[in-house]
Amino acid sequence: MDDRNDHGSESSGSGSHTGQSQSGTRTRIGLDVGTSKVVSARGDNISPTTDSQLNAFFDVPYSALHEQGLKANRTPFYRENDRLIVYGDASEKFAHIFNANVRRPMAKGILNPSEPQATHVLETVLSTLVPQSRNPGELLAFSVPAAAPETGHELTYHEETIKRYLKGRGYTPLAVNEGLAVVLAELAKEGFTGIGISCGGGMCNVAISYLSIPSLTMSLAHGGDFIDASVGAVVNEPATRVKAIKEETLDLTREGGDKIDKALHIYYDKLIEQLVEELGKAVQKTPKLPRNDQPMPIILAGGTSKPNGFRDRFEKALRRRSWPFQIGEVRMASDPLTATARGALVAALAER
Amino acid sequence: MTAAARGSPTERYRRERPPVSRECGEELTRITDDIDDPIVKLRYLQKALNEDGDKSALVQLVPIPPARRAWYRLKGLRALDAVADADEEIAERTLAARKTARRVVVGASAAAMLFVPVLVAIVAWQVNRWRSEPEQVASVGSSTEANATAIEATTAPLSVPTTLTTPAPVEENTPVNQPPVAESLADDDVGIVPSMLWLADRGPDWELYSNGLRIETAYTVKGTPRDYRVHARDGKLLPTKLDRPIGILFHTSESDLWPLEPGYEKELRKGSEALLRFVKREQAYNYMIDRFGRVYRIVDDDSRANHAGHGVWARGDEVYLDLNSAFLGVSFESRWEGGRTLPITRAQLIAGRNLTHYLRQRFAIAPEMCVTHGLASVSPKRGLIGYHLDWARGFPFKAFGLPDLYAQPLPSVALFGFTYDSEFLRTMGERWPGLIAAEQQLAGEARQRAISLDDLRHERQAEYRRWRAELPTPAGDEPGLANRNR
């Protein structure tokens, strides 16, 4: 970021952090690097401190007046040639003002190959949540998606880019599958056995874990963004506006409402159907399923799973199919937005 | 487990790996149940599963399950000690778990020390007995006959073929009303059970699977690809087109059966061969199991066989009407006679169980989707159940590790108001619990809606016809082999 002018606070997210563990001797961080949001968790696993930042940006043409306005409002931005790049949570406000969509450094769970600003913006967003390590080599666990058929080799590039950046900040990075992270965060009592599902902005990730060992991981390259874009296209509204409506008012237990609401119901059903279908296919193919007589609990996490009624619809779709194992309780994570980061923190804390 | 399979420390939370065996998993779970702290629990599991994994292969070679379990527990305890040694606080937090694990290991070792001499003594006594009474081998028939009679008198429709006995003939006054649960096989915890099922070997005309299942493929043909859709209970035809089997339908071949005795080799062989040729020509089943337990794949798994005719089955919210496409047809060389299915052989039962295990794993088939033809078959024209009756009673669900579907409300009755006639009752003797439950369900609904049961039946039959008409490939003709077999 040497050629850029960075402004704004280092941590502009919703939480707070001190950069130190309770003992003060070591820092362990769990990081959920999601398409829509980056979430960090630190401290201990019982009451971790979490923080988040929108993984998005919005650029406006450079002018002295614009720059002055951004500085006055303490809006995080940097200048790149003749553009001013507003990043993180603030980018969404600007998108609303201009009735346009934010841009994303990541798409479908990995660095967005069609976005030239991708790496710079992602590193800038990460810098707001990951301080320079005080002790070189501190462990930081970050989430990675399972390879989807269409993102296989690009995933390696995505992961290595993040690893290099984190190493540059003085950490030892540890990659944790996103679905498994959900299991680590929520299924300790069950001996880390069960199915973790993270429905994020860019994709849905699933891991079947037996005693913390991932025996099956899979992903679907559709998530909340797919819903927003699909609904936006059919109702002729910007995806950003659809996203705002989805997050504020959507209730999947109630049919009806306006055409945006109806379209959201349709595309949520479509997403759930696809996810269950793909999981079914993956389960049929794998020779690695655990031989466990106990019902497998299922945890749902991620922003896309948050609307009221999602759990019920998902469970109904799930139980409509045949599975070679018993389906146990299907429940929401205690905090769906931070589950992946908290699970990554558990992995980081468990490592010596 | 190799080091690569276990994964390097940086890969262990992201790379898929084969799970540990059920026994190992259960022992580790027992230990972790006593650890409250998630971090310590995870650290322990990672230690136990990642760094000590090479010995797992050795443990799996131990033939006695309790000894394997004790060894797993011991390994688990060592891993726990290693985690505790590294940190005093953790040592404190895992104290209870370590105490319990240690007690169990000491107890198991003591039991083993007592057990081994007893086992050796029993084996020695048995060997001595065999040596001193060689002529007993020739008289096995009488004891087996006694066993067979005992089984017959209790519950089981299975026969145990031996070279010296003939199956007991079905007496005319034998009660046809037999309980639907067959004799269970002995628990299968004797001998090593592979943790996974895979194709272990294959030749030009056969496949061998890791559970011992051998499938003969010389008769295999390709048929019409599966292509079907499923209704939801609310009547909506679900949009997804399916091309993989979702269940198993068990049949009997309704063919002539020769006595399993020396002197009938030629008839038995010719009978089976003729049957296989017929089944192949008619594409009647996906699998045939002959009386010696040989499993033949006839119509390949991706193709529909003409085995089900008109049938109805349901699970959860889904209703299946095209059973030829949705179900694999597995037929046992046997026959429905005198109000029951004639006993299958133990070899057929073991082969059928292994085949079911293989098919369920390969196609992720739910247990309640392993059904018998007699339970699903209907006559749409007459609105009656039981058009075919093979395995309408007596299928050994329990021995197959499957739920007793004779107890589940019969979907054709509960959903579509199918009924039965006096001939059905005469043949079956009495209704089975699932049929009674389905009728009660239907009657309850009629009461609730304040309409007559007949009106409700008419309405449901019309629904059934409408649903069937919607199917892209309506259920095919009745198979040539299994003509109406009351």
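All values reported here derive from a predicted model rather than from experimental measurement.

Asker: Hey, could you go over the packing of helix 3 (residues 38-50) of chain B against helix 5 (residues 65-85) of chain B for me, with residue numbers and the actual values?
Answerer: Residues and elements named next belong to chain B. Following both chains from N to C, one finds helix 3 and helix 5 inclined at 125 degrees, their axes separated by 9 Å at the closest point. Taken together, helix 3 and helix 5 sit at an angle that is classed as oblique. When the axes of helix 3 and helix 5 are compared, the crossing they make is right-handed. Contacts between helix 3 and helix 5 involve R43, Y44, K47 and A48 on the former and, on the latter, G76, A79, L80, A82 and V83. Partitioned by chemical class, the residues of the contact of helix 3 with helix 5 number six nonpolar, one polar and two charged.

Asker: Could you give me a rundown of the side chain of S325 of chain B, with the residues and numbers involved?
Answerer: Turning to its location among the elements, S325 of chain B is positioned in helix 10 (residues 323-326). When near neighbours in sequence (up to four residues on either side) are disregarded, S325 of chain B contacts R226, D227, Y228, P245 and R304 of chain B.

Asker: Requested: an account of the sheet that holds strand 3 (residues 214-216) of chain B, with residues and values cited.
Answerer: Residue and element names in this part refer to chain B. Strand order in the open sheet formed by eight strands is 1-2-3-8-7-12-6-15, and the pairing between neighbours is mixed. On the outer flanks of this sheet lie strand 1 (199-203) and strand 15 (370-372), each paired with one strand and no other. Each strand axis lies, on average, 25 degrees off the axis of its neighbour in the sheet, ignoring direction. Where strand 7 (residues 287-289) and strand 12 (residues 327-332) come together, three bridges link them in parallel fashion. What sits directly across from M288, in strand 12, is S331. Where helix 11 (residues 346-363) meets the sheet, it contacts strand 2 (206-209), strand 3, strand 6 (247-252), strand 7, strand 8 (295-297), strand 12 and strand 15, and its direction lies at approximately 160 degrees from that of strand 7.

Asker: Residue-level account of the interface of chain B and chain A, with values.
Answerer: The interface is formed by 46 residues belonging to chain B together with 42 residues belonging to chain A. Between chain B and chain A the total buried area reaches about 4,100 Å² when both faces are included, carbon and sulfur atoms providing 52% of it. Applying the counting rule to chain B against chain A returns three salt bridges. One salt bridge connects E159 of chain A with R14 of chain B, and the closest N-O pair in it is separated by 2.3 Å. In this structure, the connection of chain B to chain A is made through 13 residue pairs in polar contact (both at pLDDT 80 or more). At nine residues, the largest contribution of residues to the side of chain B that touches chain A is made by helix 3 of chain B.

Asker: So what's going on with the sheet that holds strand 11 (residues 171-177) of chain A? Which residues, and what values?
Answerer: All names here are of chain A. The five strands are arranged 4-3-2-10-11 in an open sheet whose pairing can be described as mixed. The open sheet is flanked by strand 4 (49-54) and strand 11, the only strands paired with a single partner. Averaged over all neighbouring strand pairs, the angle between strand axes comes to 20 degrees, with direction disregarded. Sheet analysis places strand 2 (residues 29-33) next to strand 10 (residues 138-144), joined by three bridges and oriented parallel. Directly across from G30, in strand 10, lies its bridge partner A141.

Asker: An account of helix 9 (residues 265-282) of chain B is requested, with residue identities and associated values reported.
Answerer: Residue and element names in this part refer to chain B. Between the first and last C-alpha of helix 9 there are 26 Å, a value that for 18 residues agrees with the 26 Å anticipated at 1.5 Å per step. Along helix 9, the residues classified as buried are L268, S272, L275, L276 and V279. Projection of helix 9 onto a plane perpendicular to its axis shows the buried side chains occupying an angular sector of 100 degrees, all on one side. The exposed residues of helix 9 that point more than 90 degrees off its buried face are K266 and R281. Each element contacted by the buried residues of helix 9 is listed here: strand 7 and strand 8. Of the residues one or two after helix 9, Q283 is the one with positive phi, at around 50 degrees.

Asker: Can you explain the packing of aromatic side chains? Please cite residues and give values.
Answerer: Going through the model one piece at a time under the given rule, you end up with 25 aromatic pairs over all chains. When the centroid spacing of 5.0 Å and the interplanar angle of 80 degrees are considered together, the rings of F418 of chain B and Y464 of chain B count as edge-to-face. Of this pair, F418 of chain B sits in the loop between helix 13 (411-416) and helix 14 (422-428) while Y464 of chain B is found in helix 16 (residues 453-470), placing the two residues 46 residues apart along the sequence. For the residue pair F418 of chain B and Y464 of chain B, the accessibility class agrees, reading buried in each case. Among the aromatic residues, those joined into a ring-pair cluster are F250, F332, W391, F395, F397, F400 and Y406 of chain B. Its end group placed over the ring of Y62 of chain A, R79 of chain A keeps NZ or CZ at 3.8 Å from the ring centre. Of note, R321 of chain A hangs over the ring of W323 of chain A, and the distance from its end group to the ring centre comes to 5.8 Å.

Asker: Any chance you could break down the pattern of salt bridges for me, citing the residues and the numbers?
Answerer: All names here are of chain B. Counted according to the given criterion, the structure contains 39 salt bridges over all chains. The shortest N-O distance in the salt bridge between D301 and R297 comes to 3.9 Å. R297 shares its class with D301; the two are buried. Between R460 and E445 there is a salt bridge, with its nearest N and O atoms 2.3 Å apart. Here R460 is found in helix 16, whereas its partner E445 is found in helix 15 (residues 433-448), with 15 residues between them in sequence. With a relative accessible area of 12%, R460 lands in the buried category. Through salt bridges with shared partners, one network takes in R202, E207, R297, D301 and R362.

Asker: Describe in detail the pairing of strand 4 of chain A, supporting the description with residues and values.
Answerer: All names here are of chain A. Where strand 3 (residues 37-42) meets strand 4, six bridges bridge the pair, whose relative direction is antiparallel. Counterpart to R42 in the pairing with strand 4 is T49. Here strand 3 folds back onto strand 4, and the loop between the two strands holds six residues, one of which, G43, carries a positive phi near 100 degrees.

Asker: Requested: an account of the nonpolar core, with residues and values cited.
Answerer: Residues F250, W313, L355 and I385 of chain B are the most contacted members of the largest nonpolar core, which totals 71 residues. For this core, the leading source of residues is helix 11 of chain B, giving six residues. If you look at the next biggest cluster of nonpolar residues, it comprises 48 residues, including V182, L187 and A333 of chain A together with I39 of chain B.

Asker: Residue-level account of helix 5 (residues 178-186) of chain A, with values.
Answerer: Counting buried positions along helix 5 of chain A gives eight out of nine residues, so the element sits mostly inside the fold. One side-chain oxygen of the residue at the start of helix 5 of chain A lies 2.9 Å from the amide nitrogen of G179 of chain A, identifying that residue as N177 of chain A.

Asker: Describe the side chain of R297 of chain B, with residues and values.
Answerer: All names here are of chain B. Here R297 shows up in strand 8. Separated by 3.1 Å, the side chains of R297 and E207 make a polar contact. Those residues in contact with R297, other than ones at most four positions away along the chain, are E207, Y209, I215, E216, T217, Y219, T220, N286, Y287 and Y358.

Asker: An account of the environment of A308 of chain B is needed here, citing residue identities and associated values.
Answerer: Residue and element names in this part refer to chain B. Assignment of secondary structure puts A308 in the loop between strand 9 (303-304) and strand 10 (313-315). By relative accessible area, which is 1% here, A308 ends up buried. With 13 residues separating them in the primary sequence, A308 and L321 have C-alpha atoms 9.9 Å apart. Apart from the residues within four sequence positions on either side, A308 is in contact with L249, H251, L323, N324 and H373.

Cut-offs used in this document
- Residues numbered from 1 in each chain as written.
- Chains lettered and ligands numbered in written order.
- Predicted model: local features only at pLDDT ≥ 70, side-chain atom pairs only at ≥ 80, totals over all residues.
- Heavy atoms only, no water.
- Axes fitted to C-alpha atoms, helices over the stretch in contact; angles between N-to-C directions.
- Helix = DSSP H or I, 4+ residues; strand = E, 2+ residues; numbered from the N terminus.
- Parallel < 35°, antiparallel > 145°, perpendicular 65-115°, else oblique.
- Left-handed = near helix turned anticlockwise from the far one by under 90°.
- Contact = heavy atoms within 4.5 Å.
- Nonpolar A, V, L, I, M, F, W, Y, C, P; charged D, E, K, R; others polar.
- Pairing = 2+ DSSP bridges.
- Buried area = accessible area lost by both parts, 1.4 Å probe.
- Salt bridge = Lys/Arg side-chain N within 4 Å of Asp/Glu carboxyl O.
- Polar contact = N/O pair within 3.5 Å; in protein donor to acceptor, adjacent residues only side chain to side chain.
- Expected span 1.5 Å × (residues − 1).
- Buried < 20%, exposed > 50% of the residue type's maximum accessible area, 1.4 Å probe, protein only.
- Arc of directions from axis to C-beta.
- Phe/Tyr/Trp six-rings, centres within 6.5 Å; stacked < 30°, edge-to-face > 60°.
- Lys NZ or Arg CZ within 6 Å of the ring centre and 35° of its normal.
- Core = buried A, V, L, I, M, F, W, Y, C linked by side-chain atoms within 4.5 Å.

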